[in-house]
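# Summary of structural features
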Amino acid sequence: MKQLFIFFLFVLGTQLKAQKVFSTEYSSQADIKVFVVEYESQADLKVYKVQYDSQAGSNDGKWFFTEYGSQAKKKIFFVDYESQADLKIFFVKYDSQAGWRNNSKKQLLY
């Protein structure tokens, strides 16, 4: 019984940390303002978009975009200018490329 309890705690705990994000229409609705940079070297975080919410990582750059804001852990708004952003991201082609380049910004997604 104890092992079953620990198992469920682990499973639920990892799901709570999943990086499920929702893209808002207005900056005032967002937790974080994000700018997509042109080059990988300019990014704070390299992001890989996963197809299913179960594939989302725990603050490792694997994002699942939810359909509704209530399903997301963080709400983001894509800004037009780099100077407006809290976080600069670069979308990568492969999940193995995802991850933080600037660890000082990591707390933004907790």
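Computed from a predicted structure; not experimentally measured.

### Things to note about unusual backbone geometry
Positive phi values are uncommon outside glycine, yet Asn59 reaches one of about 60°. With respect to the secondary-structure elements, Asn59 resides in the loop between β3 (45-49) and β4 (62-65). Given the relative accessible area of 5%, Asn59 is considered buried.

### Some remarks on the packing of aromatic side chains
Throughout the structure, instances matching the rule amount to one aromatic pair. Ring geometry for Trp63 and Phe65: centres 6.0 Å apart, planes at 70°, overall edge-to-face. The exposure class assigned to Trp63 is buried, which follows from its relative accessible area of 0%. With relative accessibility at 26%, the residue Phe65 sits in the partly exposed group. One Lys or Arg, Lys49, reaches over the ring of Phe65 and ends 5.6 Å from the middle of that ring.

Reading guide: rules and limits
Residues numbered from 1 in each chain as written. Predicted model: local features only at pLDDT ≥ 70, side-chain atom pairs only at ≥ 80, totals over all residues. Heavy atoms only, no water. Helix = DSSP H or I, 4+ residues; strand = E, 2+ residues; numbered from the N terminus. Buried < 20%, exposed > 50% of the residue type's maximum accessible area, 1.4 Å probe, protein only. Phe/Tyr/Trp six-rings, centres within 6.5 Å; stacked < 30°, edge-to-face > 60°. Lys NZ or Arg CZ within 6 Å of the ring centre and 35° of its normal.

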